[in-house]
Each structure stands twice: as structure tokens, then as C-alpha cells.
Amino acid sequence: MSYRPGSPSYRPGSPGGRRPMSSSSTHTRVEEELHEMAGIDYDKVTIKHNPSVPVLYEEALTHEVGTVISSAGALCSYSGKKTGRSPKDKRIVEEDDSGKDIWWGPVNTKMSERVFLINRERAIDYLNTHPRLYVFDGFAGWDPKYRKKVRVIASRAYHILFMRNMLIRPTDEELENFGTPDFTIFNAGEFPANRYTTGMTSTTSVSVNFKRHEMVILGTEYAGEMKKGIFTVMHYLMPKAGVLSLHSSANEGPDGDVSLFFGLSGTGKTTLSADPKRRLIGDDEHCWSDNGIFNIEGGCYAKCIDLSAEKEPEIYNAIRFGSVLENVVLNEESRVVDYSDDFLTENTRCAYPIDYIPNAKIPCMGGHPKNIILLTCDAFGVLPLVAKLTPDQVMYHFISGYTTKVAGTEDGISEPTPTFSACFGAPFLVLHPQKYATMLADKMHKHEANAWLINTGWTGGRAGDVKRCPLKYTRAILDSIHNGSLAAGEFENYEVFNIAIPKHVEGVPPEMLHPRKSWKGSADEFDKSLKKVASMFQENFQEYKAEATAETCNAGPSV
């Protein structure tokens, strides 16, 4: 029998009394700041500032219905109705300082200052009704020169433990001297937004105000909104400081060579960056400054569906005391997690500190990248397994952010379906994609980084007709990139896309390197599929053409 949230037999026991809080000057200062800037009534509300992991466990188990501990020691929490992000409910306040820079449109929808303040007051009023609130102060960004001080205020201990894992945890001295935060999150996600408020489309609202340095969450308890909210903030603040923010993973070789991996879901970004021969800098969010690469986060947020010790041992073994499991199903008696059970959602997740990964590099910083790797999963079988890109081609493919979904991954998908996401992370961009792409190309040129397009999908035919490229070949390609042999080899031009593909890669059958040569069907079928994919690229890029440079536009496929 499986344990699922809400089962009356497994509700936590009644509170065993309120724990006395520290009377330190830091705690008193935080109480006064919350009272002055937000009206939090600390005479009626117990404020628990930067509580320890054991305390957060006790609080969650005592006060949050359905919370249990897994057999591995992770805290198992449930995010309620929302088990994923709500991008259509994200808003950014329009104001003079930032308004002229923001990429307004479907990704960044405008909100007035008045509506933001209505939501803010609604959130604070709700938080003031709780007998206890949890506050965590931490950092975003490992480089002390660029890091931002972040404060999270929430009514759920699970949310604070999540952000304690995802932000960089301060030392006692850093906490004592933390000062005024650069950004504050008010998480009142248990309480709905008023959907009749101007500009609201539902009872969920995730709103960012750059002028007030604040974020307000209503109507969703999904913890990932906080993580990606801070990423959105960094996507605005970092480029302003001349630092490129990137939705990528990163690792470092034994000689200090750094690689960046970009890729949408299913392309292998997490799997390929978790290389036992290389040290992990981070799995999701990074910045590239004049000093090199630094991770934004202090932890990892891994997908758990179908997780196993055999396939991903590092992630599997990181799920222990201190980790947060979201929306998973457990065995009722043993509390062993069934990672294949998607009863609540396919988007089951685990948040854990990055130092739970054995080969993590602490502090999570590295030099300037030597290789930029753009991952795609092409189900049409016409993109090469690997291609070397020019700086202009990097900008084009970076802005495009292409991959495909295949039949069986989602309801209603019966054939390969293209997916484009600008900069491999459109939902989190604040500025126009060309801004990030130009910064990437400039930094690549300055630091002489190589750029590669790697197809982890199908070659020799469409999905369903042939098998997906074996992981061993992709790893062989990466090995040849990291040891320098691929860059030193011979290349030939690949038609239509006009990209350079290698004639030889150690450990990969030569016929697999050229899509036309490996194609199992007729030449006419190949031509048709190739032109179809090229046309999809061209059609998608129309949205960015007006603000893209001529060089970038001309770096795409020609039909």
C-alpha cells in the first residue's frame, strides 16, 4: 500500500509546545525590520529566523498535514494543487527605471504598482494571521563581488527548508552582518489572489517589483516559484552589472577547464554535466563575469521521476536527511519512495545542498569556459550528432533554443513536435534574448571558447523508425571535446544549416556523424525532413528578427 498526502491515518501529532527563540541581537533586528518594512506583528507572531534543519523538520512534521520522513531521511512535503510553475501568472511591475529595458510580452506581463501593493498587503495580512513565521536569509551567487542578499518569509517550514537548500547558506559571521536584504520574497502561497483584481487571470499570482526589491507569491505552494523567481531577478540585475546570467549546468575538468551545458528538458543537461571525471560547479543556474563562472545557487533541484541508484547514483544518494522531496508517493509502512509513481505529478522533485554531491566543487566557481555546449534532442533525425559553431551561429542557436517532444511524452502528441525556448530558458528571461546572446558571443570571443551543438536525439531516421543515439556515443563526443582532439580534427560543411561537422570522433561510428550518410530511408525523405526542420527554425526566429543583428539572422539555416 502506498502513502499519499491527506491520509487521515498519517496526520502529524498535535504541537508539543512552542520552542523558545534565541534572544540574539540578530533575531531582534530581523523582527524589527519585518515590523517596520512589512508590518509583521512580532508580538502576536513567533518569528523563527534561519532555523536549523532539525528544527525545520520538527516544525513541518508538527504543523503541516501530510508531511512525513522517507526511509532515506528526506522530508516529504506536498505542494497542494499546484505541482509545477505557473508562468501565465507571473507579473513584473512596470515602472520608469526598469520598464524601458524589459522584454515585455507573453513572458513578462505588466503589472501596475497599485495592483502589486494590493497583492502585497493581501499576502502580509495572511502571514500576520499565522502564529509562527519562518525567515531565511541567504545569498544568490557564489562570487562575493556579485552575490545578492535574499530574504524569504513564509508560513510553511517546508518552503524555508527548500530555500535553505537552494540559496547559499551564510556563515554565523555573515548572518550577523547580513544587513538589509537586496531582495525579499513574501510567500503567502496558501492564500489565493483575488482573481477580480485588475490584471489577475486566476487565484495564483507571482509578482516581481524591481523598484521595491520584492516578490509576492499568492495561490501556489509550489516551492520552485521561489527558486525561479530569484533566477528571474538575477537575469535582470546581473546583465546590468556586466555579468551574463545563464540557464545552464557547468562542470570542471582536472586541468581546470570549464564546460557550460545548455539544454531544454529531455536533452541530457543534468545527466551529461554529472561526469565522474569532472567536478560539478552547478546543475542549473550560472553567471559569467570578468572573473569566470559562478553558480547562483547553493543546491540542486533534481527531477525524481523514474530515479534509480543505477542510472543516477549521485542524485539518488543525495536524497537523505536535509533534503526535501516534493509530491512523491511512499510505501505506507516502509516509507520507501516509489520514484516511478506519478499519482500526484510527473514533476516529482528533490532539493538538496550541492555539497551532497560527492564531486561538487565548493565554492561553486570556476574559470572562463573553454567549451560551450548547446544540447538538442532532434526527433526528426536531421541534425548532426555534433557540430562546431561560429560565434554568429552560437547566437542564432542560443536564441532559438530548439529541441523536440516525441510521441508518448505528453497527451495528444502523436508525432515529433518542435519546441523552441529562447536562450534555453525563455520563462526566466527579463531582457530581450539578443542581449544575452550578444553577451555570450562577446565573452566567447574574448576568452576563445569553442562552441558545439550536440544532438542527443535520433540520427539516421525519425523517432519511431530508428533508435535514439546511445549515451555512450554522446559521452565519447564529450570526451573528444574535453581532451581537445575534436577541435583539432577535420570538418566538412553540412548543407542547409551550414554548420561544420567532424569527419572523425574517437569511439563513434563514422557513418553516424553525417545525417545524410546515416539516413535509412530514401534521399527524398531526408530532403523533406531536413527542409521541414530548417523552415521551423526560420519561422520561430521571426519573433526575434527585429532586434537581432543581421549577422545573427544570417547564421541560421537557408532553404
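Throughout, a residue's number is its position along its own chain's written sequence, starting from 1. Selection of residues for local features in this predicted model requires a pLDDT of at least 70, selection of side-chain atom pairs for listing and counting requires 80 or more, and totals for whole chains, interfaces and linings are taken over all residues. Each side-chain value is worked out from all heavy atoms of the structure, with water and hydrogens disregarded.

Under an unreviewed UniProt entry, the protein chain has the name Phosphoenolpyruvate carboxykinase (ATP) and belongs to Lichtheimia corymbifera JMRC:FSU:9682. Quoted verbatim from the Sequence similarities (unreviewed entry) heading of the UniProt record, the comment on the protein chain is "Belongs to the phosphoenolpyruvate carboxykinase (ATP) family." UniProt positions are given in the numbering used here, feature names are shortened, and annotations may be inferred rather than shown by experiment. Its UniProt record gives the protein chain the following Catalytic activity (unreviewed entry) comment, quoted word for word: "oxaloacetate + ATP = phosphoenolpyruvate + ADP + CO2".

Caption draft 1: Summary view of the overall build of the protein chain. Per the secondary structure count, the protein chain includes 15 helices and 30 strands. Burial classification: accessible surface area is computed with a 1.4 Å probe over protein chains only, and a residue below 20% of its type maximum counts as buried, one above 50% as exposed, and the rest as partly exposed. Per-residue burial for the protein chain yields a buried fraction of 58% across its 559 residues. The contact definition used throughout considers only heavy atoms, calling two residues in contact when any of these lie within 4.5 Å. Considering only contacts within the protein chain whose residues lie at least 6 apart along the sequence, 73% involve residues at least 24 apart. On the protein chain, roughly 22600 Å² of surface is accessible, and the fraction owed to carbon and sulfur atoms is 49%. Per the convention used, a helix needs a DSSP run of H or I reaching at least four residues, while a strand needs a run of E reaching at least two, with both numbered from the N terminus. With residues, only the protein chains shown are counted as cover, and all accessible areas are computed by Shrake-Rupley using a 1.4 Å probe.

Caption draft 2: Structural view of the domain arrangement of the protein chain. By the assigned domains, the protein chain splits into domain 1 (87-356) and domain 2 (368-555). Every contact between the two is made by 43 residues of domain 1 and, on the other side, 44 residues of domain 2. Summed over both partners, the accessible area (1.4 Å probe) lost when two parts come together is defined as the buried area. Both faces combined, the contact of domain 1 with domain 2 buries some 3700 Å², and carbon together with sulfur accounts for 67% of it. When the area that domain 1 buries against domain 2 is broken down by residue, the three leading residues are Trp103, Phe262 and Trp288, summing to 22%. Any carboxyl oxygen of Asp or Glu within 4 Å of a side-chain nitrogen of Lys or Arg constitutes a salt bridge here. Counting across the domain 1 and domain 2 interface gives two salt bridges. Salt-bridge contacts for Lys277 lead to Asp479; the nearest nitrogen and oxygen are separated by 3.7 Å. Where each domain begins and ends is defined by an automated method or by a domain database.

Caption draft 3: Up close: the pairing of strand β14 (residues 258-262). With respect to burial, β14 is a largely interior element, five of its five residues being buried. Of the two faces of β14, the one carrying Val258, Leu260 and Phe262 and the one carrying Ser259 and Phe261 are both buried. Whether two strands pair comes down to DSSP finding at least two bridges between them. By the bridge criterion, four bridges tie strand β13 (residues 249-252) to β14 in an arrangement that is antiparallel. Looking at β14, one finds that Ser249 is bridged to Phe261. Hairpin connection of β13 to β14: five residues between the antiparallel strands, including Gly256 at a positive phi of 90°. Sheet topology note: the β14/strand β24 (residues 369-376) ladder contains five bridges and is parallel.

Caption draft 4: Examining the nonpolar core more closely. By size, the foremost hydrophobic cluster in this structure holds 131 residues, and its most contacted members are Leu325 and Phe497. Residues from two domains meet in this core; each of domain 1 (87-356) and domain 2 (368-555) gives at least three. Residues contacting Leu325, with those up to four places away along its chain left out, are Ser70, Ala74, Leu75, Cys76, Ser77, Cys304, Ile319, Val337, Tyr339, Arg349 and Cys350. Take the buried residues of types Ala, Val, Leu, Ile, Met, Phe, Trp, Tyr and Cys, join any two whose side-chain atoms come within 4.5 Å, and each joined set is a nonpolar core. By size, the runner-up hydrophobic cluster in this structure holds 23 residues, among which are Val93, Phe116, Ala123 and Leu127.

Caption draft 5: Here's a closer look at the sheet that holds strand β18 (residues 299-303). Strand order across the open sheet formed by five strands is β3-β4-β19-β22-β18, with mixed pairing between neighbours. Looking along the sheet, the strands with just one partner apiece sit at the ends: β3 (68-69) and β18. As judged from the three bridges shared by strand β4 (residues 75-77) and strand β19 (residues 324-326), these two strands associate in the parallel manner. By the bridge assignment for β19, Leu75 is matched with Val324.

Caption draft 6: Local environment of the packing of helix α2 (residues 53-63) against helix α5 (residues 157-166). The convention used is that axes are lines fitted to C-alpha atoms, helices contributing only their stretch in contact, and that angles between N-to-C directions extend from 0 to 180 degrees. Between α2 and α5, the least distance of the axes is 8 Å, while the angle of their chain directions is 150°. Taken together, the axis directions place α2 and α5 in an arrangement best described as roughly antiparallel. With respect to the hand of their crossing, α2 and α5 are arranged in left-handed fashion. Within the contact between the two elements, α2 uses Val53, Leu56, Tyr57, Glu59 and Ala60 and α5 uses Ala157, Tyr158, Ile160, Leu161 and Arg164. Oblique is the label for every angle not falling under 35 degrees (roughly parallel), over 145 degrees (roughly antiparallel), or within 65 to 115 degrees (roughly perpendicular). For a crossing to be left-handed, the near helix must be turned anticlockwise from the far one by less than a right angle; the clockwise case is right-handed.

Caption draft 7: Representation of unusual backbone geometry within the structure. Cis geometry is adopted by the peptide bond preceding Pro363, which originates at Ile362 and carries an omega value of -5°. Considering the arrangement of structural elements, one finds Pro363 in the loop between β22 (349-353) and β23 (365-366). Positive phi, close to 60°, is recorded for His213, a residue that is not glycine. Even without a glycine there, the phi angle at Asn498 is positive, about 55°. The exposure class assigned to Asn498 is partly exposed, which follows from its relative accessible area of 36%.

Caption draft 8: Region of the structure containing the confidence of the model for the protein chain. A residue's pLDDT is the confidence the predictor assigns to it, expressed on a 0 to 100 scale. Looking at the protein chain, pLDDT values average 92 and 94% of them are 70 or higher. Here residues 6-23 scores under 50 on pLDDT; set against residues more than four positions off or in separate chains, the count is 28 contacts. Of the regions scoring below 50 in pLDDT, residues 407-413 engages in seven contacts with residues more than four places distant in sequence or in other chains.

Caption draft 9: Structural view of helix α14 (residues 523-541). Compared with an ideal rise of 1.5 Å per residue, which puts 19 residues at 27 Å, α14 spans 27 Å between its outermost C-alpha atoms and is within 8% of the ideal. Listing the buried residues of α14 in full gives Phe526, Ser529, Leu530, Val533, Ala534, Met536, Phe537, Asn540 and Phe541. Projected down its long axis, α14 carries its buried residues within an arc of 150°, all on one side. Of the exposed residues in α14, those oriented more than 90 degrees away from the buried face are Asp524, Lys528 and Glu539. Looking at the buried positions of α14, the neighbouring elements they touch are α10 (391-400), β26 (402-405), β27 (417-420), β29 (491-494), α13 (515-518) and α15 (550-553). By this rule, a helix spans an expected 1.5 Å times one less than how many residues it contains. Throughout, the arc means that of the directions going from the helix axis to the C-beta atoms.

Caption draft 10: Seen up close, the packing of α10 against α14. Relative to each other, α10 and α14 sit at 80°, their axes nearing to 10 Å. The pairing of α10 with α14 is recorded here as roughly perpendicular in orientation. Taking contact as the criterion, the partners of Tyr396, His397, Ile399 and Ser400 in α10 are, on α14, Phe537, Gln538, Asn540 and Phe541.

Caption draft 11: Focus on helix α7 (residues 224-240). Taking 1.5 Å of rise per residue, the 17 residues of α7 would be expected to cover 24 Å, and the 25 Å separating its terminal C-alpha atoms lies within 8% of that figure. By definition, a residue's bend is the angle between the axes fitted to the seven residues ending there and the seven starting there. At Met234, α7 shows its largest bend, some 25°. Counting buried residues in α7 gives 15 out of 17 residues, a clear majority hidden from the surface. Directly after α7, the chain includes Gly242, whose backbone phi takes a positive value near 80°.

Caption draft 12: Representation of the sheet that holds strand β9 (residues 183-188). With mixed pairing, the eight strands of this open sheet are ordered in space as β2-β7-β8-β9-β11-β10-β5-β6. Every interior strand has two partners, whereas the edge strands, β2 (46-49) and β6 (109-111), have only one. Sheet twist, expressed as the average angle between the axes of neighbouring strands with direction ignored, equals 25°. Here β2 runs beside strand β7 (residues 132-140); their pairing, made up of four bridges, is parallel. Bridge assignment links Lys48 to a residue of β7, and that residue is Tyr134. Contacts from helix α4 (residues 113-127) reach β5 (90-93), β6, β7, β8 (148-154), β9, β10 (205-209) and β11 (214-218), with the element oriented near 65° to β11. Set on the sheet, α5 makes contact with β7, β8 and β9; between it and β7 the angle comes to about 10°.

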